[in-house]
Amino acid sequence: MSIMIPLREIGIVGYGAYIPRYRLAAEAISRLWRGGQDQHILPVREKSVPGPDEDTVTMAVEAAQNALRRAGLSPEVIRAVWVGSESHPYAVKPTGTLVAQALGIAPATLAADLEFACKAGSEAMQAAIALVGSGMADYALAVGMDTAQGRPGDALEYTAAAGGAAYVIGPAEGAVAVLEATYSYVTDTPDFFRRAHQRYPEHANRFTGEPAYFHHIVNAARGLMDALGLTPADFAGAVFHQPNLKFPRKVARELGFTPEQIRAGLLVGEVGNTYAGSSLLGFSALLDEAWPGDRLLLVSFGSGAGSDAMSFIVTERIEAARDRAPRTHAYVTRRAPVDYATYARWRQKFTV
Amino acid sequence: MDIPRNWRLRDQRYRLQGTRCASCGAHHFPPRPVCPRCRGRHVEPYRFTGRGRVYSYTVVYQAPEGFEQYVPYVVALVDLEEGVRVTAQLTDVDPEEVAIGMPVEMVLRKLGEEGERGLILYGYKFRPRIGDPKGEAESD
Ligand SMILES: [Zn+2]
């Protein structure tokens, strides 16, 4: 098998979430664009909307600050700042350096941005795992964060949301969750894409379900579990990428996970699809509720397409760490509804 | 907005990097090479916790160029817990929710953009505290 195991024992030493305060109800989009005809089949209840002064940089900084607090580390010990997103504020000028500077990590650090649709965040985690797992560095920061946009009236507008999470990877001795192994599964699949200089993405409907999301997640999760000799029953909880409520529920069932196993990490109904932030944000909610000894599964999905699967075992350090920063649900429940007009003004949907 | 100045002052703007006097313990923001209280020269870098309370505030309806998209917004005098007062914009709050004495915390936000093609400027703002909205966990 082709699973990946680091040279030394490593894990998550700190984690932190961020979700903006504002929410737009799916019902408001439905009323405006479909005359409410799809009221009964809405993919989420509401989605998070970034404030007018927020972007992937500011959101990454807050999530990473929460992760550093939980890790109890001073920022200078971090040797890499990798930010996965499809909404980096600049086309050319790294998000990573801004985040590193703002947190006090710069200058003695690697910094870069990763792109792989919704898999960019877990790819950043894989890179951090490799750097720390090889012994080249003791601590690396990986962030998955997005302020996703859908074309007005498009199906994606119901769910395209903002948020994400940050993870500090470090030696197992200080870990709240120790990594067992990772497995990655990618193919060239034309399910969803955005050409340069285009504002909104395109999606090829006949590719989005089975050949993309389900095929990659199922193969990544099975590849990892088979190689480790594990079954779904060995896991206390699991998170699968959450583009809507239906897909993660269906893929969990297909793999043999129960609704209870995915409950704690399933945030999409209240938050929307936070793209590169989605699976990482769900995993932070799972860690918030985890017990020492729990085995947890994280499986991302990014269009284009691919999945990262990772298995972690929670340690007793989780108990002290989780209250050093706001829990994921503190951000979920910090909500202020906005109407479509405010959202359109903030997200600059009107071009004049 | 002045780009070279913003770049020079980025640690101040991004994370409230100030100074602390080793002789008398006074905190300074912006940072000072000499302590204004005791004239001592042993000042060291100090990163403020970012926690404070609203001392006073005003609501801005007519924004200067580059800030139009944020109106109405609140500009406040914030008393930091180290005993230093700073002026900053409040964010993630409706003007009618703001009150004198309200516990706030620093966050990094966009201050503005230099048009479509220019730089995006980032700096500190304050927002109501998350998880401790009444400031009960405060030590003072
Ligand atoms: Zn002094």
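Residues numbered from 1 in each chain as written. Chains lettered and ligands numbered in written order. Predicted model: local features only at pLDDT ≥ 70, side-chain atom pairs only at ≥ 80, totals over all residues. Heavy atoms only, no water.

### With respect to unusual backbone geometry
Cis geometry is found at the peptide bond from A:Gly304 to A:Ala305, where omega equals 10°. On the secondary structure map, A:Ala305 appears in the loop between strand E12 (295-299) and strand E13 (306-314). The omega angle of the peptide bond from B:Phe29 to B:Pro30 is 0°, so this bond is cis rather than trans. Considering the arrangement of structural elements, one finds B:Pro30 in the loop between strand E2 (27-28) and strand E3 (43-47). A positive phi angle, close to 50°, is found at B:Leu16, a residue other than glycine. Its place among the elements puts B:Leu16 in the loop between helix H2 (10-15) and strand E1 (17-21). Despite not being glycine, B:Arg39 shows a phi value in the positive range, around 70°. Inspection of the secondary structure assignment puts B:Arg39 in the loop between E2 and E3. The exposure class of B:Arg39 is exposed, given its relative accessible area of 61%. (Helix = DSSP H or I, 4+ residues; strand = E, 2+ residues; numbered from the N terminus. Buried < 20%, exposed > 50% of the residue type's maximum accessible area, 1.4 Å probe, protein only.)

### Comments concerning empty space enclosed by the protein
Residues and elements named next belong to chain A. Inspection of the entire model under this criterion finds 1 cavity of 30 Å³ or more. In this structure, the largest cavity occupies an estimated 50 Å³ of space. Where the lining of the largest cavity is concerned, the elements lending two or more residues are helix H8 (268-271) and helix H9 (278-289). It is H9 that contributes the most residues to the lining of the largest cavity, 3 residues altogether. (1 Å grid on protein atoms, 1.4 Å probe; cavity = no way out; pocket = protein on both sides within 12 Å on 5 of 7 lines; lining within 4 Å. Points joined across faces, edges and corners; volume = space filled by probe spheres on them.)

### Some points on the interface of chain B and chain A
The interface of chain B with chain A comprises 24 residues on the first partner and 27 residues on the second. Around 2,200 Å² of area is buried between chain B and chain A when both sides are counted, 45% of it from carbon and sulfur atoms. Applying the counting rule to chain B against chain A returns 19 residue pairs in polar contact (both at pLDDT 80 or more). Residue assignment for the side of chain B that touches chain A shows that the elements contributing at least two residues are H2, strand E7 (103-113) and strand E8 (120-128) of chain B. Considering only residue class, the side of chain B that touches chain A consists of 10 nonpolar, 2 polar and 12 charged. (Contact = heavy atoms within 4.5 Å. Buried area = accessible area lost by both parts, 1.4 Å probe. Polar contact = N/O pair within 3.5 Å; in protein donor to acceptor, adjacent residues only side chain to side chain. Nonpolar A, V, L, I, M, F, W, Y, C, P; charged D, E, K, R; others polar.)

### A few points about the pairing of E8(B)
Counting buried residues along E8(B), 8 of its 9 residues qualify, which places the element largely inside the surrounding structure. Once E7(B) ends, the chain turns through 6 residues before running back antiparallel as E8(B), passing B:Gly115 with a positive phi of about 70°. (Pairing = 2+ DSSP bridges.)

### Quick word on the nonpolar core
Most often, soluble globular proteins have nonpolar side chains that are buried together. Residue and element names in this part refer to chain A. One finds Ile78, Val81, Leu103, Leu141 and Val168 to be the most contacted residues of the largest nonpolar core, which totals 44 residues. At 9 residues, helix H2 (residues 56-71) tops the list of elements feeding residues into this core. Of the residues that make up this core, three or more belong to each of domain 1 (10-176 + 326-343) and domain 2 (179-319). Leu224, Phe240, Ile262 and Leu297 belong to the second largest nonpolar core, which has 43 residues in total. (Core = buried A, V, L, I, M, F, W, Y, C linked by side-chain atoms within 4.5 Å. Domains from an automatic or database assignment.)

### A look at H2(A)
Residue and element names in this part refer to chain A. Along its 16 residues, H2 runs 22 Å from first to last C-alpha, staying within 8% of the 22 Å computed at 1.5 Å per residue. Extensive coverage of H2 is indicated by the burial of 15 of its 16 residues. Structurally, the start of H2 carries an N-cap: the backbone nitrogen of Val57 is 2.9 Å from a side-chain oxygen of Asp55. Once H2 finishes, Gly72 follows within two positions and takes phi at roughly 65°, a positive value. (Expected span 1.5 Å × (residues − 1).)

### Things to note about the packing of aromatic side chains
Going through the model one piece at a time under the given rule, you end up with 16 aromatic pairs over all chains. The interplanar angle of 50° and the centroid separation of 6.3 Å between the aromatic rings of A:Tyr167 and A:Phe283 together place this pair among those described as tilted. Here A:Phe283 lies in helix H9 and A:Tyr167 lies in strand E7 (residues 162-171), a separation of 116 residues in the sequence. Classification of A:Tyr167 by relative accessible area gives buried; the value is 0%. When its relative accessible area of 0% is taken as the criterion, A:Phe283 is described as buried. Plain terms: the ring middles of B:Phe29 and B:Tyr124 are 5.7 Å apart, the flat faces sit at 75° to each other, and that makes the pair edge-to-face. Of this pair, B:Phe29 sits in the loop between E2 and E3 while B:Tyr124 sits in strand E8, and the two are 95 residues apart along the sequence. Look at B:Tyr124 and you get buried, because its relative accessible area is 17%. Through a chain of ring-to-ring contacts, three or more aromatic side chains come together here, namely B:Phe29, B:Tyr46, B:Phe48, B:Tyr124 and B:Phe126. If you follow A:Arg70 out to its NZ or CZ, it ends over the ring of A:Tyr15, 4.3 Å from the centre. (Phe/Tyr/Trp six-rings, centres within 6.5 Å; stacked < 30°, edge-to-face > 60°. Lys NZ or Arg CZ within 6 Å of the ring centre and 35° of its normal.)

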